[in-house]
Every structure is written in C-alpha cells, then in structure tokens.
Amino acid sequence: MEIINYLQSNQFVALLVALPILVCLNIMLGRALADFKDEFDKAKFVLGIKKGVALYVAMLVLTGISFIIVIQEVDITETIRLILYMLNVSYVMQVIAKIKEVFDFKKAVEIVE
C-alpha cells in the first residue's frame, strides 16, 4: 500500500514504472495476436523487444542526465516527464487497439464456427 501511495504522489516515478509494464503488455498482446492469426514473425517479435528495451534505457539515461545537469532557464525534468507521459499514452492506445483486435478476432472465430 505504501508503494501505491508513493506512486500516486510522484507522477514522474509512476510514469517510469508504467512504461516497461505497458511495453511488455504491448509485446505480449502482439505475440498473442500473431499466434491467433498464425502469422508469428520472430524477427518482428525480437525487434519489438529491442525497441522496448532501447526506449526504456534511453528514458532512464535522460532522467539521470536531467538530475545531474541543472540548467536554470530550462526544466529538463519537466520535458522528460512530458515525453514519458506521451510514451505511456502511446503504448496505452496500442494496447487498447490490440485488445479490441483480440475481441474482434474472437467474434470472427465464433461466427465461422
């Protein structure tokens, strides 16, 4: 419960925690959809994992830099928070689209049967 309270009070940390969860969820749903459609492409799967890891590492490095380099005129931390927010929203939208696609696929299978 203490962790949840901390995440609710610190949006920056919450965004950093949510991003890899959303990336993993997006990759897992993509893999499931590919399996449903019998279109699994290992290269695309590996690329998705590499993209997710690279994205998260880049955000961690930028976050670290924002705490080390303090520029009075520019709030780098706020800029990075906005980037994290946009990335999270982007992945949420992708996950929602894939969930919809899973339901649409299920309906199509039920109709065929």
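Rules used in this analysis
- Residues numbered from 1 in each chain as written.
- Predicted model: local features only at pLDDT ≥ 70, side-chain atom pairs only at ≥ 80, totals over all residues.
- Heavy atoms only, no water.
- Helix = DSSP H or I, 4+ residues; strand = E, 2+ residues; numbered from the N terminus.
- Rg over C-alpha atoms; globule rule 2.2 N^0.38 Å.
- Contact = heavy atoms within 4.5 Å.
- Areas by Shrake-Rupley, 256 points an atom, 1.4 Å probe, with all protein chains shown as cover.
- Lys, Arg positive; Asp, Glu negative; His and termini not counted.
- Charge placed at Lys NZ, Arg CZ, Asp CG, Glu CD.
- Expected span 1.5 Å × (residues − 1).
- Buried < 20%, exposed > 50% of the residue type's maximum accessible area, 1.4 Å probe, protein only.
- Core = buried A, V, L, I, M, F, W, Y, C linked by side-chain atoms within 4.5 Å.
- Axes fitted to C-alpha atoms, helices over the stretch in contact; angles between N-to-C directions.
- Parallel < 35°, antiparallel > 145°, perpendicular 65-115°, else oblique.

Enquirer: Would you mind going over the overall build of the chain with me for this structure?
Expert: If you tally the helices and strands in the chain, you get 4 helices and 0 strands. Counting helices and strands in the order they occur from the N terminus, the chain gives α-α-α-α. Taking 2.2 N^0.38 as the reference for a compact globule, 113 residues should give roughly 13 Å; the C-alpha atoms of the chain span a radius of gyration of 18 Å, well beyond that estimate. In the chain, of all internal contacts separated by at least 6 residues, the share reaching a separation of at least 24 is 74%. Accessible surface for the chain amounts to roughly 8,200 Å². Of this, 70% is attributable to carbon and sulfur atoms. Across the chain, 11 positive and 12 negative side-chain charges occur, with their mean positions spaced 5 Å apart.

Enquirer: What is the right way to read helix α2 (residues 11–36) from this model?
Expert: Each α-helix turn comprises 3.6 residues. Residues three or four places apart therefore point the same way. For α2, which comprises 26 residues, the first-to-last C-alpha distance of 36 Å matches the rise-based estimate of 38 Å (1.5 Å per residue) to within 8%. Along α2, the residues that are buried comprise F12, L15, L16, L19, L22, V23, N26, I27, L29, L33 and A34. Where α2 terminates, the next one or two residues include D38, which has phi positive at roughly 55°.

Enquirer: For this particular structure, what's the right way to read unusual backbone geometry?
Expert: Peptide bonds are trans in most cases, and residues, glycine excluded, mostly fall at negative phi. Its identity as a non-glycine residue notwithstanding, D38 has a phi of 55°, on the positive side. Of note, D38 is situated in the loop between α2 and α3 (42–68).

Enquirer: What should I look at first to understand the nonpolar core in this one?
Expert: The tendency in soluble globular proteins is for nonpolar side chains to be buried side by side. F12, L15, L16, L19, L22, V23, I27, M59, I80, L84, L87 and Y91 form the largest nonpolar core, which has 12 residues in total. Mapped by element, the contributors of at least two residues to this core are α2 and α4 (76–112). With residues up to four places along the chain from it excluded, the contact list for Y91 reads L19, L22, V23, N26, K51 and L55.

Enquirer: Which parts of the structure should I look at to understand the packing of helix α1 (residues 2–9) against α2?
Expert: Angle between the axes and distance between the axes: these two values describe a pair of packed helices. Where α1 meets α2, the axes come as close as 5 Å, and the angle between the chain directions of the two elements is 110°. The orientation of α1 with respect to α2, classified from their angle, is roughly perpendicular. From α1, Y6, L7 and S9 reach across to α2, where they touch Q11, V13, A14 and V17.

Purely geometric stuff here, so don't read any function into it on its own.
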